[in-house]
Amino acid sequence: WLQFFTHLLRTSLKTVRVVFPLGLPHVSARLLEEISQRAPNVEKFDFIVMGENFEDDVDLGTMESFFSKMQKVTKVSISAQILSPGFLSSLQGCSNLETINVLSDSLHFDDPTLPLERLPEFVKPDAFPRLTFLKLTCSLEEWNRLISSAERMAPCLRHLQINTPSTSALVFRTSLIQI
């Protein structure tokens, strides 16, 4: 299927949606490399991973370097499992990015806690200059840390959705004040 898929890639391609089964990490890395070489003008990119245990199945380093080559991307949708500090940091280099949509899944909402360190420690000043839509899955504590360290991040932001299992009223109040 990979060979068939790569033959369909063209420089004129504007949208790529990949629903990827787990268990093939070498194929995911190869797939991303092929997209970046054969379809560098993609504007909308969705990468959905099916399954719960992805650490050994998706090469996150490849995902992160992929976006340095995809400068025309305006919309990115990913599975919540893929969100990592390196991944979100790599998106800072996409100056045309308008939408980041981290798709929620039952994996994180069945558990009352989320893994920490899903968001980067540091965001460049003036990061995401055209971002208007941001949907994340993270803890409110982590969101508070990010927003308090981000200088002039996403000045055009119009839609913000944070999916979190946190129930602390104090943390929620602090989040609202910082936003």
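Look above for the structure.
Residues numbered from 1 in each chain as written. Predicted model: local features only at pLDDT ≥ 70, side-chain atom pairs only at ≥ 80, totals over all residues. Heavy atoms only, no water.

**Thoughts on the sheet that holds strand β1 (residues 15–21)**
Test applied: Pairing between strands requires that DSSP locate at least two bridges from one strand to the other. The way it works is that DSSP assigns letters per residue, a run of H or I at least four long becomes a helix, a run of E at least two long becomes a strand, and they are numbered from the N terminus. Between N-to-C directions, angles cover 0 to 180 degrees, with each direction set by a line fitted to C-alpha atoms, over the stretch in contact for helices.
A sheet is described by the order of its strands in space; here six strands give the open sequence β1-β2-β3-β4-β5-β6, paired in parallel fashion. Looking at which strands have only one partner, the edges of the open sheet turn out to be β1 and β6 (159–163). Between one strand axis and the next, the sheet turns by 10° as a mean value, whatever way the strands run. Both β1 and strand β2 (residues 44–50) contribute to a ladder of seven bridges, which runs parallel. The partner of valine 18 across the bridge, within β2, is phenylalanine 47.

**Re the pattern of salt bridges**
Heads up, the condition is: Salt bridge, as applied in this entry: a Lys or Arg side-chain nitrogen positioned within 4 Å of an Asp or Glu carboxyl oxygen. For every residue, the accessible area obtained with a 1.4 Å probe (protein chains only) is divided by the maximum for its type, and the residue is called buried under 20%, exposed over 50%, and partly exposed between those limits.
Evaluation of the coordinates by the stated rule reveals five salt bridges. The shortest N-O distance in the salt bridge between arginine 17 and aspartate 46 comes to 3.0 Å. With a gap of 29 residues between them, arginine 17 in strand β1 and aspartate 46 in strand β2 connect regions that are remote in the sequence. Here arginine 17 falls in the exposed class, since its relative accessible area comes to 54%. One salt bridge connects glutamate 34 with arginine 30, and the closest N-O pair in it is separated by 2.9 Å. Pair noted here: glutamate 34 and arginine 30 are both in helix α2 (residues 25–38), with a separation of four residues, about one helical turn.

**Concerning the side chain of aspartate 46**
Condition: Between N or O atoms, a polar contact is any pair within 3.5 Å; within protein, one atom must be a potential hydrogen donor and the other a potential acceptor, and residues adjacent in sequence are included only when both atoms are from side chains. Pairs of residues are marked as contacts when any of their non-hydrogen atoms sit within 4.5 Å.
Classification of aspartate 46 as buried rests on a relative accessible area of 12%. Side-chain polar atoms of aspartate 46 contact the side chain of arginine 17, separated by 3.0 Å. If near-sequence neighbours (up to four positions away) are discounted, aspartate 46 is found in contact with Val16, Arg17, Val18 and Ser77.

Function cannot be read off these values alone, since they describe shape.
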